[in-house]
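What the coordinates show
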Amino acid sequence: MSILSVLRRELPDEKFYLFINRFIFTSLFLFVGLPLWYSTTTTYRAPLPYTSISTLASKSMDSAETKLTSFQTASSYEISFYLVNNNDEKYSLNRSHYENIIASTIAPHLINTYSQYIDFEISTEVISNTRGVLPSETIHSLEKRQIPFFINKLEYLLHRSTKHYREKIFFILFVPDEKQSPLTVENNPQNSIIVPKWGSVIFYNNQNSPEDLNLVLKQFLSHFNQLLGIDTLDQWIYRRTLENYNNGRQTLLTLSQLLLSIPNIVIDDVMAKKIHDSVELLEQCHKNQQHNLCQQGRLLADQVFFDPSLLKLLYFPDDQKFAIYVPLYLPMGAPLAWTLLNDVKFLINVLKKNR
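Throughout what follows, the structure given in this document is the object of discussion. (Residues numbered from 1 in each chain as written. Predicted model: local features only at pLDDT ≥ 70, side-chain atom pairs only at ≥ 80, totals over all residues. Heavy atoms only, no water.)

Structural notes on the sheet that holds strand β2 (residues 120–127)
Working definition: the strands of a sheet are paired by backbone hydrogen bonds and lie parallel or antiparallel to each other. Pairing is mixed in the open sheet, where five strands are placed in the order β2-β1-β4-β7-β6. Of all the strands in the sheet, the pair left with one neighbour each is β2 and β6 (192–195). Taken over all neighbouring pairs, the strand axes of this sheet differ in orientation by 15 degrees on average, direction set aside. Pairing between strand β4 (residues 166–174) and strand β7 (residues 199–203): five bridges, direction parallel. Within the sheet, the bridge partner assigned to Ile172 lies in β7 and is Val201. Together, β1 (76–84), β4, β6 and β7 form the strand contacts of helix α7 (residues 219–228), whose direction differs from that of β4 by roughly 145 degrees. (Pairing = 2+ DSSP bridges. Helix = DSSP H or I, 4+ residues; strand = E, 2+ residues; numbered from the N terminus. Axes fitted to C-alpha atoms, helices over the stretch in contact; angles between N-to-C directions. Contact = heavy atoms within 4.5 Å.)

Structure follows, in structure tokens:
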């Protein structure tokens, strides 16, 4: 004889249906609703190779000496070419002419020469109305002592990278207006400024012929080599290989320590795959010392470390979850649990009675 048959015999129809509905609702709330809530509010973290990361962190490579004036080795670069133009039609530079030279001469050279060794993106932008950037509206010679103030004002016009693991390199062609032309830099025949770990500025006066613009912009290529500390390509690649490996393994070690100390940081399957791939690439790099392996391994490590998805539950710790949900579920859950307990006792007694 089934339990339902026994209950139908023991209870009137109205109480029978009330008992069944109450029992089903209480069971669903306690055994489906609460576990489902707990699973959806628990921080998900895919399996990670903590042991492999610790082993990798213990295998270092001797770092080559880095020039203090050059950019530190980064996993990725954002190279921005700016035309800082004025509003005077006679003295302003044609935007299309500038962008065509960048697209047809400068960018192809950088891509063909360096794209196999570093990850970078190239962009161009035009900024108009440069009033207030130079120390004076009628200045014709920029002194060395004035350069830091000029760079600070100029930097307010520029856009910083939104990806924290990318180093931003600025190459700026500054076109002064009629009152400032010709504008020169003190003791600098190339009429340019190179700022270590930032970029360079070239002043282009209206007295230059349009044919000279191509030669002027090619100065950015030599500035690029200086900013990245490139003397010979082989030495630079070797130095980047060592620095990418050491920085990549240190990033992974820091990330693993952070994850172990803060359980609310989310690591989904996509981020976990990047971590696994980064460890594998850096392990191969340690064996073979191939630049591309170190470069890609570090890039993946940096992408995970700075990914915003890691922080989405960081400001919602467990104590806050309980502070919010306990007042909601406890007043309803406690009576339901008590009701379910009494219903189970009733069922046991009914079954014993009808054996």
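Some thoughts on helix α9 (residues 269–288)
Across its 20 residues, α9 extends 28 Å between first and last C-alpha, which sits within 8% of the 28 Å expected from 1.5 Å per residue. For α9, every residue scored as buried is listed here: Met271, Ala272, Ile275, Ser278, Val279, Leu281, Leu282 and Cys285. Between the side-chain oxygen at the start of α9 and the backbone nitrogen of Val270 there is a gap of 3.2 Å, and the oxygen is on Asp268. Note on α9: the residue one or two positions beyond its end, Gln289, has a positive phi of about 55 degrees. (Expected span 1.5 Å × (residues − 1). Buried < 20%, exposed > 50% of the residue type's maximum accessible area, 1.4 Å probe, protein only. Polar contact = N/O pair within 3.5 Å; in protein donor to acceptor, adjacent residues only side chain to side chain.)

A short note on the packing of helix α8 (residues 233–261) against α9
Contact pair α8 / α9: the axes reach a minimum separation of 10 Å and the direction vectors enclose 140 degrees. Crossing of α8 over α9 shows left-handed handedness. Side by side, α8 and α9 meet where Thr241, Asn244, Tyr245, Gly248, Arg249, Leu252 and Leu255 of the first sit next to Ile275, Ser278, Val279, Leu282, Cys285 and His286 of the second. Grouping the constituent residues of the contact of α8 with α9 by class yields seven nonpolar, five polar and one charged. (Left-handed = near helix turned anticlockwise from the far one by under 90°. Nonpolar A, V, L, I, M, F, W, Y, C, P; charged D, E, K, R; others polar.)

Re a nonpolar patch on the surface
Nonpolar side chains collect at one region of the surface, where Ile24, Leu28, Phe31 and Val32 lie side by side and expose about 390 Å² of accessible area between them. Positionally, Phe31 belongs in helix α2 (residues 13–41). (Patch = residues over 30% accessible without salt bridge, like charges linked within 9 Å, V, L, I, M, F, W, Y side chains within 5 Å. Areas by Shrake-Rupley, 256 points an atom, 1.4 Å probe, with all protein chains shown as cover. Salt bridge = Lys/Arg side-chain N within 4 Å of Asp/Glu carboxyl O.)

Here's the deal with the pairing of β7
Within β7, five of the five residues are buried, leaving the element largely enclosed by the surrounding structure. Going residue by residue along β7, you find Gly199, Val201 and Phe203 tucked away on one face and Ser200 and Ile202 tucked away on the opposite face as well. Where β6 meets β7, four bridges bridge the pair, whose relative direction is antiparallel. Among the inter-strand pairings, Ile193 is bridged to a residue of β7, identified as Val201. Where β6 hands over to β7, the hairpin turn is made up of three residues, of which Lys197 adopts a positive phi near 60 degrees.

Focus on the nonpolar core
Counting 34 residues, the largest nonpolar core has Phe81, Leu110, Leu173, Leu217, Phe224 and Leu228 as its most contacted members. Looking at this core, the elements that each hand over two or more residues are β1, α4 (95–114), β2, β4, α6 (212–217), α7 and α8. Per-element accounting of this core gives the leading share, six residues, to α4. Once residues lying within four places of it in the same chain are set aside, the contact partners of Leu173 are Tyr82, Leu83, Val84, Leu93, Tyr98, Ile202, Tyr204, Leu213, Val216, Leu217 and Phe220. Grouped together as the second largest cluster of nonpolar side chains are 25 residues, Ala46, Leu56, Met61 and Cys294 included. (Core = buried A, V, L, I, M, F, W, Y, C linked by side-chain atoms within 4.5 Å.)

Brief notes about the packing of aromatic side chains
What describes a pair of aromatic rings is the distance from one ring centre to the other and the angle between the planes of the rings. Following the criterion strictly, the structure yields twelve aromatic pairs and no others. For the ring pair Phe171 and Phe220, a centre distance of 5.3 Å and an interplane angle of 55 degrees mean the geometry is tilted. You can see Phe171 sitting in strand β4 and its partner Phe220 sitting in helix α7, a full 49 residues away along the chain. Look at Phe171 and you get buried, because its relative accessible area is 1%. For Phe220, a relative accessible area of 1% translates into the label buried. An aromatic cluster is built from Phe81, Tyr114, Phe171, Phe220, Phe224 and Trp236, whose rings are joined through pairwise contacts. (Phe/Tyr/Trp six-rings, centres within 6.5 Å; stacked < 30°, edge-to-face > 60°.)

A look at unusual backbone geometry
Of note, Asn187 is a non-glycine position whose phi angle comes to about 55 degrees, a positive value. For Asn187, the location among the structural elements is in the loop between β5 (184–185) and β6. Among the residues examined, Asn187 registers a relative accessible area of 65% and is labelled exposed. In this model, Asn191 sits at a positive phi of 60 degrees, which is unusual for a non-glycine residue. Here Asn191 lies in the loop between β5 and β6. Residue class for Asn191 comes out buried when judged on its relative accessible area of 9%.

Let's talk about α7
Counting buried residues along α7, seven of its ten residues qualify, which places the element largely inside the surrounding structure. Of the positions making up α7, those classed as buried are Gln219, Phe220, Leu221, His223, Phe224, Leu227 and Leu228. In the stretch just after α7, Gly229 is the one whose phi turns positive, near 70 degrees.

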